[in-house]
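Spelled out, the chains give:
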Amino acid sequence: MTQPVRDQEKLATPTSLYVHIPFCKSRCFYCDFNTYVAPDSVMVDYVDALGAEFEKLSQSAQGPLQTVFFGGGTPTLPSSALLERMLTQLHAHFSLADGAEFTFESNPDSVDEEKLALLRSFGVNRLSFGAQTFRDRLLMTIGRAHDAQKVVDSVERAYQLGFRQINVDLMFGLPEQSLADVEHALDRVLSLPIDHVSAYWLKVEEGTPFAKWRDSGQLPLPGEDLEADMYDLVRDRLQQAGFAHYEISNFARPGGEARHNLVYWRNQPYLAAGAGAHGYVEGVRYENVPKLPDYIGTLKAGNRPILSSYAVTDAEAAEDTMMLGLRLAEGVSKEDFVSRYGVTIEDVYGDVYLQLLEQGLLVEEALRVRIPAQYWPVANAIFEKFVSVGGAD
């Protein structure tokens, strides 16, 4: 196989920033993210440390940011005063481009009118609410701290305050969830003033309460066949309502695509700040220390809080471009692939690529390659075909 080379790509300046806020009121039973239930004093120390990291990271941002994403955890859990300090620090060290997408994740019970107005005043223009389901019994089953009406109230309040880019997260495959429950959630979502929906299969992660209950036979999951029906229902209802299914788990009205997440799926560089955050800069992927005392202490000592980093090989970068890009309805541009790596997709993946085309698991259209929508539910099996095919550098 021909080896890809991407010297020019390694010099690309990141114009996106992810910020991890690891605080939650409580931990959901399915969650394995780097999150903590912590007192206000720890949040204060964390925000101060975050400001110090912003200062260090800003040296890597040579131009204005096109996208900023505060994820968690629950970024809107800190007090209004702490949110104001955090956002003031961000703007002190980074400039945002005109028309930049600025997203905050939020749990419906963690925002009020004061916080929403504060976010707006600092340029936040996109909100992502973790609804998951609109059945109160299911919200209790998965350990959520809010009820279904709180989701409705929060979305409508945000819209009234001027937010026009609003996402709602849904989950399917939940314990004791029925097809009617998913239909009910879609009915509620489609009654709300939103332009984006993320719909995810439940994945039982090791180390979570759900994993413990599954292993002891106490987690009544719907099963693969019913989960497939749920996915089909989500796709059909949202597309009929005018949402484009632009990524395996994501749907948007025209112009509502999550621009920050497209940076990930197109395998482009991005900065990352916060405990446990992962970034990708100048061909190097890095991970910050996950534990709060280590993160805060490292920055107090004047150092960047990097736990580990590694230079991505050219072959691995090409592999990532294929596996991430094929999650998108747009697929991977064959011309962009050549521009980035100096070789064609056929040069790198040879018979594997041709076999996937012959089997109909990939299609080529207008110099792009993509997975047909009917095979998105089994996309992971297609991605696996590209792993390590390109060889070592």
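Check the entry above for the structure.
Residues numbered from 1 in each chain as written. Predicted model: local features only at pLDDT ≥ 70, side-chain atom pairs only at ≥ 80, totals over all residues. Heavy atoms only, no water.

1. Comments concerning the sheet that holds strand β4 (residues 126-132)
Across the sheet, 9 strands lie side by side as β7-β8-β6-β5-β4-β3-β2-β1-β9; this open sheet has mixed pairing. Each edge of the open sheet carries a strand with a single partner, namely β7 (244-247) and β9 (271-273). Geometrically, the sheet is characterised by an average inter-axis angle of 20° between neighbouring strands, direction not taken into account. As paired elements, β7 and strand β8 (residues 250-252) share 3 bridges and run antiparallel to each other. What sits directly across from H245, in β8, is F251. Lying on the sheet, helix α2 (residues 80-93) is in contact with β1 (16-21), β2 (65-72) and β3 (96-106); it crosses β3 at an angle near 150°. (Pairing = 2+ DSSP bridges. Helix = DSSP H or I, 4+ residues; strand = E, 2+ residues; numbered from the N terminus. Axes fitted to C-alpha atoms, helices over the stretch in contact; angles between N-to-C directions. Contact = heavy atoms within 4.5 Å.)

2. A word on the packing of aromatic side chains
What describes a pair of aromatic rings is the distance from one ring centre to the other and the angle between the planes of the rings. A full pass over the atoms with the stated rule returns 14 aromatic pairs. Members of the aromatic cluster, joined through ring pairs, are F23, Y46 and Y295. Against the face of F163 rests R120, its NZ or CZ located 5.3 Å from the ring centre. Stacked on the ring of Y286, the Lys or Arg R304 has its end atom at 5.2 Å from the ring centre. (Phe/Tyr/Trp six-rings, centres within 6.5 Å; stacked < 30°, edge-to-face > 60°. Lys NZ or Arg CZ within 6 Å of the ring centre and 35° of its normal.)

3. So, the nonpolar core
Counting residues in each nonpolar core, the largest one holds 101 residues, and the members touching the most others are F70 and F134. Ranked by residues supplied to this core, first place goes to helix α1 (residues 40-57) with 7 residues. In contact with F134, not counting residues within four places along its chain, are A148, V151, V152, L170, H184, A185, R188, V189 and L192. Judged by nonpolar contacts, the second largest core, of 8 residues, contains M171, L202, V204 and F210. (Core = buried A, V, L, I, M, F, W, Y, C linked by side-chain atoms within 4.5 Å. Buried < 20%, exposed > 50% of the residue type's maximum accessible area, 1.4 Å probe, protein only.)

4. Some points on the side chain of S333
By secondary structure assignment, the location of S333 is in strand β13 (residues 332-333). Of the polar contacts made by the side chain of S333, one reaches the backbone nitrogen of E335; its length is 3.4 Å. In this structure S333 touches L367 and R368, once residues within four positions along its chain are discounted. (Polar contact = N/O pair within 3.5 Å; in protein donor to acceptor, adjacent residues only side chain to side chain.)

5. Here's the deal with the environment of S80
Considering the arrangement of structural elements, one finds S80 in helix α2. Residues S80 and V111, spaced 31 residues apart in sequence, show a C-alpha to C-alpha distance of 9.5 Å. Once residues lying within four places of it in the same chain are set aside, the contact partners of S80 are E114, K115 and L118.

6. Considering the pairing of strand β10 (residues 278-281)
In this structure, β10 lies alongside strand β11 (residues 284-288), joined through 4 bridges in antiparallel fashion. Bridged to H278 within β11 is E287. Connecting β10 to the antiparallel partner β11 that follows it, the hairpin turn spans 2 residues, and E282 within it adopts a positive phi of roughly 50°.

7. A short note on the packing of α2 against helix α3 (residues 113-121)
Running from N to C, α2 and α3 cross one another at 10°; their axes reach a closest spacing of 10 Å. Taken together, α2 and α3 sit at an angle that is classed as roughly parallel. Along its contact with α2, which presents S80, L83, E84 and L87, the element α3 presents E114, K115, L118 and L119. Of the residues that constitute the contact of α2 with α3, the class distribution is 4 nonpolar, 1 polar and 3 charged. (Parallel < 35°, antiparallel > 145°, perpendicular 65-115°, else oblique. Nonpolar A, V, L, I, M, F, W, Y, C, P; charged D, E, K, R; others polar.)

8. Here's the deal with helix α6 (residues 179-190)
Spanning 12 residues, α6 covers 17 Å between terminal C-alpha atoms, matching the ideal 16 Å at 1.5 Å per step. For α6, the complete set of buried residues consists of D181, V182, H184, A185, L186 and V189. The elements touched by buried residues of α6 are α4 (136-142), β5 (165-172), β6 (196-201) and α8 (224-240). (Expected span 1.5 Å × (residues − 1).)

9. Here's the deal with the sheet that holds strand β12 (residues 306-311)
In spatial order, the strands read β10-β11-β12; together these 3 strands make up an open sheet with antiparallel pairing. Of all strands in the sheet, those with a lone pairing partner are β10 and β12, marking the two edges. Each neighbouring strand pair of the sheet contributes to a mean axis angle of 20°, computed without reference to strand direction.

10. Some words on the side chain of T103
Of note, T103 is situated in strand β3. What makes T103 buried here is its relative accessible area of 0%. Those residues in contact with T103 that sit more than four places away from it in its chain are V68, F69, F70 and R126.

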